[in-house]
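Listed below are the residues making up each chain.
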Amino acid sequence: MVAFSYKLKKWILYTVVAIIGLSFGSLDRCLAETTQIGVFNEALVLLLEKNFSKKSVAIEKLAESGDARSERILEALLSGDLFYLKKNKTLVYAHREGSAYAIREVLTDEDLGIEKKRKLKKIAINNNLRAQLKDVLARMGLTHADAGIRLAAVNKMLDTLTPEIDELLTDRLETETDPDVKEALMTALSIAVLRGGPETNTSDRLDVLQQLTGNLQPAVRNELTQLMEKETDADLRKAASAILDGIEMRIAIFEFFETLFFGLSLGSVLVLAAIGLAITFGVIGVINMAHGELIMLGAYTTYVFQQMMPDAIGMALLLSIPAAFAVSGLAGILIERTIIRFLYGRPLETLLATFGLSLILQQAVRSIFSPLNRSVTTPDWMSGAIQLNPVLSLTTNRVVILIFSFLVFAGLSLLLKKSSIGLQVRAVSQNRPMARAMGVRAARVDALTFGLGSGIAGIAGVALSQLTNVGPNLGQAYIVDSFMVVVFGGVGNLWGTLIGGLSLGVTNKFLEPWTGAVLAKILILVIIILFIQKRPQGLFPQKGRAAG
Amino acid sequence: MNTLENIRSFWPRDQVFDFLIPDMPPDLDLTHGVILYLEGISVSFGGFKAVDDLNLYIQNGELRCIIGPNGAGKTTIMDIITGKTSPDTGSAWFGQRINLLKMNEPEIARSGIGRKFQKPTVFENHTVHDNLELAMVGNKQVWSTLTAKLNSVQQGNIEAVLETIGLKEKITARAGSLSHGQKQWLEIGMLLMQNPKLLLVDEPVAGMTQQETERTAELLTDLAGTRSVVVVEHDMEFVRSIAQEVTVLHQGRVLAEGRMDEVQNNQEVIEVYLGEENAPH
Amino acid sequence: MISYPKILQTDLGGSLLLGILMIAGLLVPLLNLTVNDTHLLHVSTYTMALLGKYLCYALLAIAVDLVWGYLGILSLGHGAFFTLGGYAMGMYLMRQIGTRGVYGHPLLPDFMVFLNWPELPWFWNGFNWFWFAMLMVIVVPGLLAYVFGWFAFRSRVTGVYLSIMTQALTYALMLAFFRNEMGFGGNNGLTDFKDILGFSLQSDETRAGLFVASVIALAGGYVSSRWVMNSRLGKLCTAIRDEEDRARFIGYRVEDAKLWVFTFSAVLAGIAGALYVPQVGIINPTEFAPLASIEIVIWVAVGGRATLYGAVIGAMIINYAKSYLTAALPDVWLFGLGALFILVTLFLPHGVAGLFRQGSFAFWWKKKETLTVVAERANL
């Protein structure tokens, strides 16, 4: 019993101590926080002072406070967007709306609506404060928890290196863990050394120069170019020149890849636009001049879906892929059944009739949706760019569309190769009478093929809506190019369309810097006209006796 | 002096620029009595050998029948002779001097080779008369065609040919309104207007009545002698009725060659061809 | 008495057309110049210019009918030849402006002064002479057609491929002419013309003169085209259209025939363009637009192919409808044009001229039928 009570007492004692300890601990933290909040509030009060030196103190305090709101306040101060209301001295962010200002409260981020200019007072700063602000912001950026922000902060500082900032960077380098940020820090420090001028040791500068080999930062290139202009030391000049050449070379390579990417991107769009045409032309042997308008229908389907689901833009985009396929595909089947069917064997008349149809579709869209362009929103996961290095960045929507068009291509070839309808389509395209004799219902295959080709056009429209404005002339812009792809790649051959489209896109983009966009396009047309001199059947002609 | 020579070398007086050479094929040279040489000809379409190392000689004035099952390469040979297809290897000479492989279709046609297609091919929207007029031998350059006028000799030629092909009453009829057999004859008539030395005739009696067939046989045998005629035909009865020499093709090669009765008794030929052909085609 | 021209003896449609043209060529200018403008019979200058424009379109339609109706080449690029002829004329008219431009530069047209061109580009030299400009009206479209045709026909590009290539041709030219750097006034084109051969373009007399010139050009274009198509070359053209291989195997160089007729047709289109520009007062790159070229084809389709006069009828009807509808019901016009494309190809393959020929109206003429007429009708 005694032992038990002893144990109990001991437990009680521990518990009490623990509780007290805990409360002291939290109290301690509470106290600390109050002081921080105090610093923050103190700073805000000081900001309202007219005296610049007091403002300077306020800036310092804001930086120390560690408050999440500090950075935004300081940035607003630097850009001249920080005001206070004259009546109650509330700090606000303000930006011009006509003759008045739209304001938000600094502390709560609450929207305070529009306020007249004379009710507000701007918090003025001078040049000293400006320099201090930049410095402070840089420091804050350097210590930010997010590595991306730290990196941006370092890169921002490259242009405004001062001994103080050098020191900051050196300090940071010791604690930095992120490799990218580390590298950027080292680059910055190297530049600082290079800039050191005559009092810095030449061999140090040479060493540092070597570290910059292949560095793609624009600041590095500027630095080296300036060095070449001013520097008197021959060794240094020689080393710098070699490194500069190396850098330029790397940049040239990456620019090559960038052009290649843009070319492939354009090519993938051409492939998407042309592949449906290639199918209908290959199988039925008619040119559908309304193909561009079927693309346009797909793009408008996307627009309508986004209007219906304004809160789920991405979802609407995904849903509009099958929807656009259905809309354009059904339109295609309708066209085939009502017009093209009666014109088989008269390809030139088909061309005219479908052209008339394209006029009607364009005008219909103009009447329904207005002749103005409609913009389709790009969902977040498709916007922005993938920055591979300082000179090479790939726009996300183009990457997505590139992948998407390959998927469509793969799906289509699979469909034609493996499914029974694909088999029938291929049979009809190779030998119509024989296919018919074998029991293939050629008329049904024609309609389905036309629907398939048109449906793909609709999907192309969804993709295009992410790259350009959606308007009644959308289809027109792509129809001539798509025909060129089909003619170039060879009729009735999916691979031909793929290779043709990609190579036309790439050629176009590589010609553009030399000739400008319009001349590049004209040159491509001329090249194709000359090309079909040599190979009238296109890159991949259909083989066999029938080809002659 | 030097300059003058330079100019001369650029513009030698015994030569002219290509485009100034009159558009006339060299004369047909038949000194060895052979009008057509095909030697070592091979063609393949996407891996399929349509004609395989083929040798064929046609004598001047000869009537030769070429027979063979489907896909034996009969039409391809015609295509090669008339310049529609160029062979992968081999040589093709018309007489001693005319290299067929260096010429295009119209040049070959003007040098004296006429061709009738398998499917009767006439200008359906023209009258019978105009069909013959267009085919008539003469200068076929654009300007001459534009200013051409029929003289009485040419009109006489047309009427003579109309007589030969038996379409005299149809002179103003649209070619498209003719019967199948009449179209075949009109096409043969167009060949005659060209005044060719070598006629290539692809299945002339397909779709003809018994009577028409007999008249066609008569016509073709009449033509041989003054010119050479090569007939590709499936109808064995017809071949028997006209053939002097027969060439049997199989898988792009010459399987047998000789008189009809010799060929008919050739064991190989019976195996690959005649055996099946005895059944109604 | 001069006997009735042989090539028209068998051509009722053409004879009627030429008769109407002759009457219009005399009457319209007369009614414009001599009749008081309050009088009922007065033809306003606006109407005369409009009719003159239609005449140019009709000549253009004949050019398209030559290649499409007779040769079977569906050219979707004839607007290019028309526009090039128009630009050649426009360049002459620009240089006639002289110092009367907004900037008063003696040599450079206004747009060049505006774009800070230091001097006249070399290809503008010579256009101050009328004869040179007229030569270019013929040479530039003709040469382009010749070079394009030489490449296309030699490599035996036919059918829809060829159509697409011609469309690409005019599309490329449109892109090129939209560029200011080309030196043809960019998207504004050439305009603000003052006078032609010293006569003011504003005066009714000059307008009447241009109208008469258009009548003569159309009549001349019609007769020369009829002459070509009645010749053996014309028969060859339809022969090529129907059985190209046969024509080749009886010894014709098909590509040569196509090339020359195509070039001739382009020259006609160029002349039409040259007459069009002074009457309309502007030429700009939108005339190169693929739509403009394909519209010409539908004029011919509506009028009736391979008849020549059908092309004239089609051009007149549709352009009248266009002038009327684009003013009265602008939205309906494109619907109507589109529907026309479909309906004509589906239900009226021989066009208005086809109806005319089937109708009883022509029966008395049949007595005069000769062999050529049979061939003519057969061309349908």
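What counts and what doesn't
Residues numbered from 1 in each chain as written. Chains lettered and ligands numbered in written order. Predicted model: local features only at pLDDT ≥ 70, side-chain atom pairs only at ≥ 80, totals over all residues. Heavy atoms only, no water. Domains from an automatic or database assignment. Helix = DSSP H or I, 4+ residues; strand = E, 2+ residues; numbered from the N terminus. Expected span 1.5 Å × (residues − 1). Buried < 20%, exposed > 50% of the residue type's maximum accessible area, 1.4 Å probe, protein only. Arc of directions from axis to C-beta. Salt bridge = Lys/Arg side-chain N within 4 Å of Asp/Glu carboxyl O. Phe/Tyr/Trp six-rings, centres within 6.5 Å; stacked < 30°, edge-to-face > 60°. Lys NZ or Arg CZ within 6 Å of the ring centre and 35° of its normal. Pairing = 2+ DSSP bridges. Axes fitted to C-alpha atoms, helices over the stretch in contact; angles between N-to-C directions. Contact = heavy atoms within 4.5 Å.

A.B. asks: Could you clarify how one ought to interpret the domain arrangement of chain A in this entry?
C.D. replies: As a measure of interface size, the accessible area lost when the parts come together is often cited. Once the domains are mapped, chain A shows domain 1 (143–232) and domain 2 (257–385 + 394–542). Here the C-alpha centre of domain 2 of chain A lies 50 Å away from the C-alpha centre of domain 1 of chain A.

A.B. asks: When you look at helix 6 (residues 152–165) of chain B in this model, what are you seeing that I'm missing?
C.D. replies: For the α-helix, the turn length of 3.6 residues means that residues three or four positions removed from each other point alike. All names here are of chain B. Taking 1.5 Å of rise per residue, 14 residues should cover 20 Å, and helix 6 covers 20 Å from first to last C-alpha, within 8% of that figure. Inspection of helix 6 places Ile158, Val161, Leu162 and Ile165 among the buried residues, and these make up the whole buried set. Down the axis of helix 6, the sector holding all buried residues measures 105°, keeping them to one side. For helix 6, the exposed residues set more than 90 degrees away from the buried face come down to Ser152, Val153 and Glu163.

A.B. asks: Looking at this model, I keep getting lost on the pattern of salt bridges. Mind explaining?
C.D. replies: Where charged atoms from two side chains of opposite charge approach closely, those side chains can pair. For the structure on display, the rule yields 30 salt bridges over all chains. Of the charged contacts, one joins Glu105(B) and Arg156(C) as a salt bridge, the two residues approaching to 2.6 Å between their closest N and O atoms. Of this pair, Glu105(B) sits in helix 3 (residues 105–111) while Arg156(C) is found in the loop between helix 6 (130–154) and helix 7 (159–178), placing the two residues in two different chains. When its relative accessible area of 2% is taken as the criterion, Glu105(B) is described as buried. By relative accessible area, which is 34% here, Arg156(C) ends up partly exposed. With a closest N to O distance of 3.2 Å, Asp195(C) and Arg100(C) form a salt bridge. Note that Asp195(C) is positioned in strand 2 (residues 195–196) and Arg100(C) in the loop between helix 4 (78–97) and helix 5 (110–114), a separation of 95 residues in sequence. A single network of salt bridges, built from pairs that share partners, joins Lys84(B), Glu244(C), Asp245(C), Arg248(C), Glu255(C) and Lys258(C).

A.B. asks: Before we go on, may I ask you to explain the packing of aromatic side chains in this structure?
C.D. replies: In the structure shown here, the tally under the stated rule is 35 aromatic pairs over all chains. Ring centres of Phe256(A) and Phe257(A) lie 5.7 Å apart, and the angle between their planes is 75°; on these two criteria the pair is classed as edge-to-face. Members of the aromatic cluster, connected to one another through ring pairs, are Tyr87(C), Phe111(C), Trp122(C), Phe123(C), Trp124(C), Phe177(C), Phe184(C) and Phe288(C). For the cation-ring pair, Lys140(B) lies above Tyr252(C), with the distance from its terminal atom to the ring centre recorded as 5.1 Å. Seen from the ring of Trp185(B), Arg215(B) lies directly overhead, with NZ or CZ sitting 4.8 Å from the centre.

A.B. asks: Could you clarify how one ought to interpret unusual backbone geometry in this entry?
C.D. replies: Residue and element names in this part refer to chain C. You will see that Asn116, though not glycine, has its phi angle at about 60°, which is positive. Its place among the elements puts Asn116 in the loop between helix 5 and helix 6. The backbone phi angle of Ala306 is positive, close to 55°, even though this residue is not glycine. With respect to the helices and strands, Ala306 occurs in the loop between helix 12 (290–303) and helix 13 (309–328).

A.B. asks: Would you mind going over the sheet that holds strand 10 (residues 253–259) of chain B with me for this structure?
C.D. replies: Two modes of strand pairing occur in sheets, parallel and antiparallel, and in both the strands are linked by backbone hydrogen bonds. All names here are of chain B. The sheet built from six strands is open, its strands ordered 6-7-8-3-9-10 with mixed pairing. Two strands close off the open sheet at either side, each with one partner strand: strand 6 (113–116) and strand 10. Neighbour to neighbour, the strand axes of the sheet diverge by 15° on average, direction disregarded. In this fold helix 7 (residues 180–193) packs onto strand 6 and strand 7 (198–202), with an angle of close to 170° to the strand it touches most, strand 6. Docked against the sheet, helix 8 (residues 210–223) engages strand 3 (63–67), strand 7 and strand 8 (228–232), running at close to 145° with respect to strand 8.

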